[in-house]
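Structure assessment
Here is what each chain is made of, one letter per residue.
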Amino acid sequence: MKQLRIGVLAGLFVVAGVLSWAAARLWDSFGTLPSVPLAAPIVLAAIATVLTATALSLRARLKAQRERRPDAKGVDPMMAARAVVFGQASALVAALVSGMYGGVGVFLLGSLDIPARRDQAIYAGFSVLAGIAVIAAAFFLERVCKLPDDPENEKNGAAPAGPA
């Protein structure tokens, strides 16, 4: 499984932002603009919370397993792999959605004197921040589930182990 790359996420964010900024300009020229829902930052923050809680839980269970505690609950490798895939998918979607709301937010900066548009710009800004939190949580989850590098494999020229 390939690791997340910040460049891919940043590229996705920028492309989505530019396209949504252009679409917002075009849409506004017709006299209306779709709104940024209040639920957008809330849902993204909830996803970031779930990813962080999953990472913390897995980290604690893996630590207990490494320390060979008698009451340690093991971590199923497939469950860890599914958690990493969920984190990676969430990070990609968050980069896309944050870019879209970021582009709309940048467009709305020109009309902050209108109360409704100012509120929309605030929702868009919080959506971008929550999307960044999702991406950070996904990187943390991926780091928690990463298998340790095997020095024997590196010496034989084999690729180091990736995420679980």
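Residues numbered from 1 in each chain as written. Predicted model: local features only at pLDDT ≥ 70, side-chain atom pairs only at ≥ 80, totals over all residues. Heavy atoms only, no water.

Let's talk about the confidence of the model for the chain
Of all residues in the chain, 90% have pLDDT values of 70 or greater, and the mean over the chain is 87. Per-element confidence in the chain ranges from a low mean pLDDT of 53 for helix α5 (residues 151–155) to a high of 94 for helix α4 (residues 115–145). (pLDDT = per-residue confidence, 0-100. Helix = DSSP H or I, 4+ residues; strand = E, 2+ residues; numbered from the N terminus.)

Looking at the nonpolar core
Within soluble globular proteins, side chains that are nonpolar generally end up buried alongside one another. Counting 22 residues, the largest nonpolar core has Leu51, Leu58, Ala91, Val134, Ile135, Leu141 and Cys145 as its most contacted members. Of all the secondary-structure elements, those providing two or more residues to this core are α2 (39–66), α3 (77–108) and α4. A per-element tally of this core places α4 first, with eight residues. The next biggest cluster of nonpolar side chains, apart from the first, holds 10 residues, and it includes Ala24, Val36, Phe107 and Ala121. (Core = buried A, V, L, I, M, F, W, Y, C linked by side-chain atoms within 4.5 Å. Buried < 20%, exposed > 50% of the residue type's maximum accessible area, 1.4 Å probe, protein only.)

Topic: the environment of Val84
Along the chain, Val84 falls in helix α3. Here the alpha-carbon distance between Val84 and Val144, two residues 60 residues apart in the chain, equals 9.2 Å.

A few points about helix α1 (residues 6–29)
Between the first and last C-alpha of α1 there are 34 Å, a value that for 24 residues agrees with the 34 Å anticipated at 1.5 Å per step. Restricting attention to buried positions, one finds in α1 the residues Leu9, Ala16, Gly17, Ser20 and Ala24. The inward-facing, buried residues of α1 abut α3 and α4. Gly31, located one to two residues past α1, shows a positive phi value of around 105°. (Expected span 1.5 Å × (residues − 1). Contact = heavy atoms within 4.5 Å.)

So, a nonpolar patch on the surface
A cluster of nonpolar side chains, contributed by Trp21, Val106, Leu109 and Leu112, occupies part of the molecular surface with about 360 Å² of accessible area. Looking at the element boundaries, Leu112 is found in the loop between α3 and α4. Relative accessible area serves as the criterion here: at 34%, Leu112 is assigned to the partly exposed category. (Patch = residues over 30% accessible without salt bridge, like charges linked within 9 Å, V, L, I, M, F, W, Y side chains within 5 Å. Areas by Shrake-Rupley, 256 points an atom, 1.4 Å probe, with all protein chains shown as cover. Salt bridge = Lys/Arg side-chain N within 4 Å of Asp/Glu carboxyl O.)

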